[in-house]
Amino acid sequence: MPDWNKPLPTVVGETRAYWDACRRGQLLIQHCGQCGEYQFYPRGICAHCWTENPGWVAASGKGTVWTYTVTYQNRTPGFDQGPYVLALVELEEGVRMFSNIVECDPREVSIGMAVEVTFQRATDQISVPYFKPAG
Amino acid sequence: MATATRKRRLGRQVAIVGAGLSQFGAFPDKDSRDLFVEAFQDMIQTMDQPIDIDDIECAYVGNYSSDLFETQGHTAPIVADWLGMTPIPITRIENACASSGSALREGAMAIASGMYDVVLVGGMEKMTNLPTEGVTDVLASAADGLYEVPAGLTFPGIFGAIAKAHMDRYETSLDHLLKVGIKNHNNGALNPKAQFNVTIRDLMERRMARAEQRGQPVPEWQTELDFLNDDRANPWIAWPLRLYDCAPITDGASCILLVAADIAHNFTDRPVSLAGIGQASGKPLHDADELTSLSAAKEASRQAYEMAGITADDVDLAEVHDCFTIAEIVASEDLGFFAPGEGPRAVDEGRTALDGDRPINTSGGLKSKGHPVGASGVGQVVEIYHQLRGEAGERQAKKSKLEVGLTHNVGGTGGTCVVNVLRRE
Ligand SMILES: [Zn+2]
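In this text the structure is predicted, and so the values were computed from the model without any measurement.

(A) How the structure looks around the overall build of chain A. Secondary structure summary: chain A contains one helix and eight strands in total. The helix and strand sequence of chain A, counted from the amino end, reads α-β-β-β-β-β-β-β-β. A compact globule built from 135 residues would reach a C-alpha radius of gyration of about 14 Å, and chain A, at 15 Å, matches this within 12%. Counting only C-alpha atoms, chain A reaches 45 × 35 × 25 Å along its principal axes.

This is the structure we're talking about:
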């Protein structure tokens with residue numbers, strides 16, 4: 001296992017399914033069977049129609065960069081080793097998430113760039129979803 | 001029963017009759033309570049009529065996190081005790097950087113309800129006890145620990161992402177951002193309460209003089225932009241934002257005295273009325289409809305304009321939440337002062353400068369005056385109060401008509417926005 005010193009989520013209740021899937025290399029998002037809306041972050045109700053326990057679907061893992069920044073200064077352990085690309089990625093399904101663009105030079109990132117999910121194993125329980133240029 | 005869009009008004013009118021600010025800066029010997037007392041003293045010493053300790057019936061104080069910054073919870077009654085105002089009811093309001101904006105709103109509604117006639121509202125933050133990384137940790141705790149923190153989200157990172165989106169969509173450049181900082185420092189240099197009451201040009205020249213003194217090569221900066229575009233003088237924090245695009249870490253406090261409008265003349269011949277108030281919540285940024293605008297700011301200003309019966313064109317000057325330079329540009333568009341994408345050109349043309357037709361952040365803004373987060377919202381109102389009364393001294397806005405002022409106070413990354421419209425009576 002690589003040395004992982006970045007902050008980790010405390011996995012609770014209804015988000016356990018999300019992080020369990022990440023560990024298996026799958027990106028889950030919620031999809032409401034009642035109103036058909038996709039939802040991220042996961043939660044116990046659909047924020048569009050208040051249906052309880054909206055269902056899960058596997059996202060394709062493909063998306064585009066909606067916007068990004070190259071963060072030079074973050075003294076948080078794990079993020080203090082030089083610049084990294086913090087990006088808002090829009091998934092094919094329409095929901096967006098903050099993540100990092102990895103496996104590419106920050107100067108090559110652009111808005112609208114096609115990316116795909118890649119998981120980095122942090123602990124036995126947690127794998128964190130990042131994105132890399134679509135191959 | 002759709003009540004969310006009902007037109008709103010205050011049950012009775014509210015006026016501001018006093019305003020005070022502590023010194024903004026880094027003060028190792030002062031707690032947030034001491035800073036609040038300092039702001040309160042400034043208020044009572046500058047009021048037109050003396051007030052009695054028994055006049056104040058109720059208070060609301062904005063404070064983001066005395067718990068984490070000072071390891072002190074339940075700070076509101078401590079403030080009441082420090083001022084000798086017990087047993088009046090006092091309540092702490094927390095809405096991140098919009099805490100005192102929201103405290104003001106609670107105070108206004110307490111008067112409008114008819115329950116109180118005289119209410120003290122303000123805010124305070126003591127931030128410099130912690131080292132910088134501790135402060136950024138506390139600020140980052142406003143981000144979502146489950147999904148955002150593992151991605152290395154920082155406040156400069158989020159506003160850097162907003163800046164990139166604005167640059168991609170419009171003709172916004174890095175220089176536009178830097179010019180906002182230059183303008184706000186020009187104003188802050190005229191504000192004795194400001195944390196950095198110094199112009200960017202002075203900072204540049206000091207640095208050149210220091211290099212010369214030490215026998216080091218003197219940088220060849222001709223203009224402020226040369227200086228600010230130099231990576232050594234102004235390092236990247238979260239590209240496209242540099243150090244001088246970010247508001248500082250600040251200790252400070254602010255307060256104002258709200259009264260029912262019909263008794264305002266017991267306190268002053270020149271009250272400033274709270275003509276419109278608005279507050280809205282916004283989704284986290286990843287769920288926002290667009291990144292070049294904060295939806296809560298648009299909605300809060302819509303509410304405030306409607307209550308005041310005005311449009312954006314009627315606003316003579318404003319204090320807006322420039323936690324980062326890009327935030328001032330986005331605010332000037334969200335508030336309707338300039339069309340979307342036109343904010344940068346207004347900066348180029350000097351329209352938002354002290355002698356412009358729409359002065360913004362005459363106080364120096366959060367950038368130069370400082371940003372003690374829980375105090376910033378009411379701090380903005382303090383500036384507009386003095387500007388509308390024509391008592392802002394050297395930094396008095398130059399335009400002839402100064403009747404309507406506005407404040408725009410943002411919590412987090414747009415999760416909260418409070419907008420107030422103030423009118424000279
Ligand atoms: Zn639904």
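Structure's up, so let's keep going.
(B) Just the nonpolar core, in detail. All names here are of chain B. Val121 and Ile256 are the most contacted members of the largest nonpolar core, which totals 156 residues. With eight residues, the single largest contributor to this core is helix α6 (residues 155–169). Excluding residues that lie within four positions of it along the chain, Ile256 makes contacts with Ile16, Gly18, Ala19, Val121, Gly122, Val378, Val381, Val382 and Tyr385.

(C) Representation of unusual backbone geometry. For the bond from Phe40(A) to Tyr41(A), the omega torsion is 5 degrees, close enough to zero to count as cis. Counting through the fold element by element, Tyr41(A) comes out in the loop between β2 (38–39) and β3 (55–58). Pro240(B) follows Trp239(B) through a cis peptide bond whose omega is 10 degrees. At Asn53(A), a residue that is not glycine, the phi angle is positive and equals roughly 45 degrees.

(D) Expanded view of helix α3 (residues 75–82) of chain B. All names here are of chain B. Residues of α3 that are buried: Thr75, Val79 and Ala80. Take α3 and look down its axis: the buried residues cluster within an arc of 145 degrees, on one side only. The secondary structure elements touched by the buried residues of α3 are α1 (32–46), β2 (58–62), α2 (66–70) and β3 (90–93).

(E) Quick peek at the confidence of the model for chain B. With 98% of its residues at a pLDDT of at least 70, chain B reaches an overall mean of 95. Listed scores for the predicted complex are pTM 0.95 and ipTM 0.92.

(F) Quick look at the interface of chain A and chain B. Contacts between the two partners involve 28 residues from chain A, matched on the other side by 26 residues from chain B. Of all elements in the fold, only β4 (62–71), β5 (84–91) and β6 (96–101) of chain A reach the threshold of two or more residues within the side of chain A that touches chain B. Grouping the amino acids of the side of chain A that touches chain B by side-chain chemistry returns 15 nonpolar, ten polar and three charged. Bridge analysis of β4(A) against strand β5 (residues 236–239) of chain B gives two bridges, and the strand direction is antiparallel. The residue bridging Thr71(A) from the neighbouring strand is Ala238(B), located in β5(B).

(G) Region of interest: the pairing of strand β1 (residues 28–31) of chain A. All names here are of chain A. By the bridge criterion, four bridges tie β1 to β3 in an arrangement that is antiparallel. Looking across to β3, one finds that Leu28 is bridged to Ala58. Two elements, β1 and β2, share two bridges in a ladder whose sense is antiparallel. Its bridge partner lying in β2, His31 is registered against Tyr38.

Conventions used here
- Residues numbered from 1 in each chain as written.
- Chains lettered and ligands numbered in written order.
- Predicted model: local features only at pLDDT ≥ 70, side-chain atom pairs only at ≥ 80, totals over all residues.
- Helix = DSSP H or I, 4+ residues; strand = E, 2+ residues; numbered from the N terminus.
- Rg over C-alpha atoms; globule rule 2.2 N^0.38 Å.
- Core = buried A, V, L, I, M, F, W, Y, C linked by C-beta atoms within 7 Å.
- Buried ≥ 20, exposed ≤ 12 C-beta atoms within 10 Å, placed from the backbone.
- Contact = placed C-beta atoms within 7 Å.
- Arc of directions from axis to C-beta.
- pLDDT = per-residue confidence, 0-100.
- Nonpolar A, V, L, I, M, F, W, Y, C, P; charged D, E, K, R; others polar.
- Pairing = 2+ DSSP bridges.

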